[in-house]
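Structural features, examined
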Amino acid sequence: MSDAAADFLSGLTEPQRQAVEHIDGPLLILAAAGSGKTRVVTRRVAHLVSVGVPAWSILGLTFTNKAAGEMRERIGSLLAGDPRMMRGLTVTTFHSLCARLLRRYADEAGLKPDFTIYDMSDQSALMKRVIGQLDMNTGNWQPRSVLGAISNAKNELKDAAAFAAEAGDYYSKKIAVVYTAYEKALRAANAVDFDDLLVLTAKMLREKTGVLAECHARWKYLMIDEYQDTNHAQFVIASMLAGEGEVLPGLEDASSGPNICVVGDPDQAIYGWRGADISNILDFEERYSGAKVIKLGENFRSTGPILGAADGLIKHNALRKDKPLFTTSEGGEPVDVVLCRDEEHEAGLVVDRFRRERDDDGLAWKDMAVLYRTNALSRALEDAFRKEGVPYVIARGTAFYEREEIKNAVAYLRVVANSADGVSLRRIVNTPTRGLGKASLDRIESWAMGRGLTMMDGLRAAKEVPDLTARAVNASGRFVSLVDGLTGGGSFMGVDAPGSLADLVLRVIKESGLEAAYEKQAKTSKSETDEERLENLSELVSSAASFEAEYEPESDPAAFPGADVLEGGGSAPTPHLLSLLRAYLESIALVADADAVDPAQGAVTLMTLHAAKGLEFPSVAVVGLEEMLLPHARAFDNEASLEEERRLFFVGMTRAMRSLLVTSTRYRTVRGRLERTIPSRFLEELPIEHIRLSDQSHDDGFDDDPDPDAVRAGSSGRGWGRSSYDAAASMRSMGAGGSAGVPAGIEPGARVRHPQFGTGRIVEVWGGRSARAKIDFDEVGVKTLVLEYARLRTV
DNA sequence: AGAGGCAATTTTTTT
DNA sequence: AATTGCCTCT
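Here the structure is a predicted model, which is why all the values come from computation and not from measurement. (Residues numbered from 1 in each chain as written. Chains lettered and ligands numbered in written order. Predicted model: local features only at pLDDT ≥ 70, side-chain atom pairs only at ≥ 80, totals over all residues. Heavy atoms only, no water.)

1. A look at the overall build of chain A
Broken down by element type, chain A carries 33 helices and 22 strands. Counting all 795 residues of chain A, 52% fall into the buried class. Element-wise, carbon and sulfur atoms account for 50% of the exposed surface of chain A, whose accessible area totals about 35000 Å². (Helix = DSSP H or I, 4+ residues; strand = E, 2+ residues; numbered from the N terminus. Buried < 20%, exposed > 50% of the residue type's maximum accessible area, 1.4 Å probe, protein only. Areas by Shrake-Rupley, 256 points an atom, 1.4 Å probe, with all protein chains shown as cover.)

Structure follows, in structure tokens:
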């Protein structure tokens, strides 16, 4: 063994070393939270390469782009001696890989290579039309729930025909009809949804032996992270790629099984709701009878109390094989569990604690994270962080692309890349308004559909469409030439339009009139949001520019580089603008919220518990430990989902290295309504010896320092959570604090402060039970607010 | 055609 | 609170 190979083994525990050294045959790594999984996986890859396995024959699959990027980076630094050894290494997400394979083998998959990937809002838009066209009532058949049913079917690899064949009851039969029509509409739009990426790839790998053979020729070593969260479709894809089909009964043994290495932890399975099947990991040993199983149990991340508390919690999962969590590290503060008055109090508490930890314990903002069950909980936290001037970042990778103006610009790009994309076309055909109203568009559409043409074809042939006004024909013509101009003369395919991707994006923004429309609005209404929109649009141009700068066509897993690239030498061809555009749109479609986590930002990270999986922070706060929230109301009906909620909390707790705060509030504003809450049952499951309870929900005001007596007060018994609570007293104290309820002195002429709108003067007050006030705010103008919910304070 | 206003509604998590 | 959809007014 070379010295380099030996390096990858230094400082490892025995089981870690075994995992790193494993080369051929199936391997299951059961990696408990904080057990050094990433370290092991990256070193194993580096080790494989160092013993002569070509990097291009290794395929690593993760769930988020960020995880993939990190893994690639860490492998890169392990192999820093020779960057060329990384050549052709593929580490990517399931969805990315599938998208690339489907483009490369579009024919075999029954697609066209320029297909669009529809996100959830595209899917809803399409589904609404489909349901409407079937003359079904969107009230009775909600796009969301229908899509949910279809998604479940797809995850089990049931296509519309199979679904229809099984459908017995009226409801299922109806869904089957919608499913069929929805699929037809997707294909007509030359589009696939998220599930299709997996489904169509699985189908292709099963049915097209030629494709599978090429994949086998390329990838000899398969590695899958977070295996406990794979669904059936992903399981099939993994099995096919691993060469499972080649293992004949009776021939499998320890050395001849496929080179598939899966890594996961059943205690961190949190995606059951989207079809993840925990039995994939539980049955791995059975499926690959020669599989080597390595358990990484020792935790290197958290202090004893944090780990003890998390262990005590997860033990309450009855459907779980008991597995001790242990650490050799000593000391550590107990887990703080604090009962707060409301979300404002809770957020203030978190900010105070973080500030203290930064000032006294030498932590940096980037070392801290707040985790919550639902995105809605971020608001109160944001307000507090902003108010206190503490830098924070919300992990919502998709947020930018969900903005109106960005969606509009991206829709133009999508139509440029795929003119059949009806959902995007409909979005932009009259945005900004160009005189093509609903009536004209309906006429054009029915004309086109009657002929089996796309909407774009209809626009192109507007002159022939009956009953169109001259104005509509004219507008159609202008729209068509706009798009043709952007595609470089209507024959983008095969012809490289001049300019870069960023230029194209810029042209879209200008030539579409989007920029002008927002500029006009910004001038007339003087609102800041339109200024912001313009800034966002130019940020989109920058993002396109940096995508272009970083894009490496040869790193495309479906590029299947020829010998010249794999063996070195040969320069990569200049990417065609259209393929660049496709790749860019694909990267936009496949961003994950977790991708936005960037510790380099020097800010506290706010994110959902789901997004936190795989990360670690010296200091963590998990907020909102209340019944209906964590566990979530939706999880009450069955034990399995309740246990998933518990795992979710477990995942949150085990992100913490040194400091963990868990909070619950007595009252929480839900959809604008102040509601009484019940502390989460999970709090009572935390072992008392590892936690420090503190009921601060009765405290008045906004004390910065926790009351040391209050800390002791809660620890006497375990009944503090559920019933012994004086709601009236709490309401009184809140009134005094002025943070909720209707403060006195709300009358015309009075000056008040609103948490969002700032200060203003009351113009008018009326109404009895749900009294409202008209308030003239200094910054944002006149607004009418319901006093009960407005959180006004007199100034 | 299209903007703006009002009423109803709100199933968490995400690739 | 905030978003979405429906409806009216210009």
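So much for the structure itself; the text now carries on.
2. Focus: the side chain of S378
By secondary structure assignment, the location of S378 is in helix α18 (residues 378–387). Looking at S378, the relative accessible area reads 9%, which means it is buried.

3. Remarks on a negative patch on the surface
Together, E519, E531, E532, E535 and E539 make up a region of like negative charge exposed at the surface. As for its position among the elements, E539 is in helix α26 (residues 528–550). When its relative accessible area of 44% is taken as the criterion, E539 is described as partly exposed. (Patch = residues over 30% accessible without salt bridge, like charges linked within 9 Å, V, L, I, M, F, W, Y side chains within 5 Å. Salt bridge = Lys/Arg side-chain N within 4 Å of Asp/Glu carboxyl O. Lys, Arg positive; Asp, Glu negative; His and termini not counted. Charge placed at Lys NZ, Arg CZ, Asp CG, Glu CD.)

4. Some thoughts on the side chain of E645
You can see E645 is positioned in helix α29 (residues 639–653). Leaving out residues up to four positions away in the same chain, E645 has contacts with R373, L629, L630, P631, H632, A635 and F682. (Contact = heavy atoms within 4.5 Å.)

5. Topic: the nonpolar core
In this structure, L459, F479, L581 and Y584 are the most contacted members of the largest nonpolar core, which totals 56 residues. Look past the residues within four positions of L459 in its chain and what remains in contact with it is L425, V429, L436, I444, S476, F479 and V480. Membership of the second largest hydrophobic core comes to 47 residues, among which are L101, A106, I117 and L197. (Core = buried A, V, L, I, M, F, W, Y, C linked by side-chain atoms within 4.5 Å.)

6. Focus on the pairing of strand β10 (residues 368–372)
Buried residues dominate β10, accounting for 5 of its 5 residues. Covered by surrounding structure in β10 are M368, V370 and Y372 together with A369 and L371, the residues of both alternating faces. Relative to strand β13 (residues 617–622), β10 runs parallel, the two being bridged by 4 bridges. Across the sheet, the residue bridging to A369 is V620, located in β13. Two elements, β10 and strand β12 (residues 604–608), share 4 bridges in a ladder whose sense is parallel. Considered in β12, the bridge of A369 is made with T605. (Pairing = 2+ DSSP bridges.)

7. Examining the sheet that holds strand β9 (residues 335–340)
In space, the 7 strands of this open sheet follow the order β11-β12-β10-β13-β14-β9-β17, with parallel pairing throughout. A strand with exactly one partner marks an edge of an open sheet, and here the two such strands are β11 (392–394) and β17 (691–695). Looking at each pair of strands side by side, their axes are set apart by 20° on average, direction ignored. Pairing analysis gives 3 bridges linking β11 to β12, with the strands arranged parallel. (Axes fitted to C-alpha atoms, helices over the stretch in contact; angles between N-to-C directions.)

8. Re the protein's contact with DNA strand B
Neighbouring DNA strand B are 28 residues; R373, N430, S440, A592 and R634 lie closest to it. Sugar plus phosphate, as a fraction of atoms of DNA strand B within 4 Å of the protein: 53%. In the model, a base oxygen of DNA strand B is placed 3.1 Å from a nitrogen or oxygen of the W273 side chain. A breakdown of the residues in the surface near DNA strand B according to their chemical character gives 9 nonpolar, 11 polar and 8 charged. (Near = heavy atom within 4 Å. Polar contact = N/O pair within 3.5 Å; in protein donor to acceptor, adjacent residues only side chain to side chain. Nonpolar A, V, L, I, M, F, W, Y, C, P; charged D, E, K, R; others polar.)

9. Topic: the sheet that holds strand β3 (residues 90–93)
What the 6 strands build is an open sheet, ordered β3-β2-β6-β7-β1-β8; its pairing is parallel. At either end of the open sheet lies a strand with only one pairing partner, and these are β3 and β8 (292–296). Pairs of neighbouring strands in the sheet enclose a mean axial angle of 15°, with direction left out of account. Two strands pair when backbone bridges link them, and strand β6 (residues 221–224) and strand β7 (residues 260–264) are joined in this way by 3 bridges, in the parallel orientation. Within β7, the position partnered with L222 by the bridge is I260. Along the sheet, helix α2 (residues 14–21) makes contact with β1 (27–31) and β8, crossing β8 at roughly 140°. Taken strand by strand, helix α3 (residues 37–50) contacts β1, β2 (58–62), β6, β7 and β8, and its axis lies near 170° from that of β6.

10. Focus: the pairing of strand β16 (residues 673–676)
The sheet contact formed by strand β15 (residues 667–670) and β16 spans 4 bridges and is antiparallel. Counterpart to R668 in the pairing with β16 is E675. The turn joining β15 and β16, which pair antiparallel and follow one another in sequence, is formed by 2 residues; a positive phi near 50° is taken by R671.

11. Description of the pattern of salt bridges
Applying the stated rule across the entire model yields 51 salt bridges. The residue E627 makes a salt bridge to R681 at a minimum N-O spacing of 2.6 Å. Taken together, the positions of E627 in the loop between β13 and α29 and R681 in helix α30 (residues 681–684) put the pair 54 residues apart, joining distant regions of the chain. One salt bridge in this structure joins R666 and D695, with 3.9 Å as the shortest N-O distance. One end of the pair, R666, is in the loop between β14 (656–665) and β15; the other, D695, is in strand β17, and 29 residues separate them in sequence. Of the two residues, R666 and D695, both sit in the buried class. Sharing partners across several salt bridges, the network here consists of K37, D225, E226, D229 and K613.

12. A look at helix α11 (residues 194–207)
Along its 14 residues, α11 runs 21 Å from first to last C-alpha, staying within 8% of the 20 Å computed at 1.5 Å per residue. Most of α11 sits inside the fold, with 10 of its 14 residues counted as buried. Where α11 begins, the side chain of D193 points an oxygen toward the backbone nitrogen of D195, at a separation of 3.1 Å. (Expected span 1.5 Å × (residues − 1).)

13. Regarding the packing of aromatic side chains
A ring pair, where both rings are aromatic, is described by two values, the distance of the centres and the angle of the planes. Across all of its chains, the model carries 12 aromatic pairs by this definition. Ring geometry for F63 against F94: centres 5.9 Å apart, planes inclined by 55°, an arrangement best described as tilted. Pair noted here: F63 is in the loop between β2 and α4 (65–78) and F94 is in helix α5 (residues 94–104), with a separation of 31 residues, a long-range link. Like F94, F63 is buried. When the ring of F547 is compared with that of Y551, the centres are 5.6 Å apart and the planes differ by 20°; the resulting orientation is stacked. We classify Y551 as buried; its relative accessible area is 17%. (Phe/Tyr/Trp six-rings, centres within 6.5 Å; stacked < 30°, edge-to-face > 60°.)

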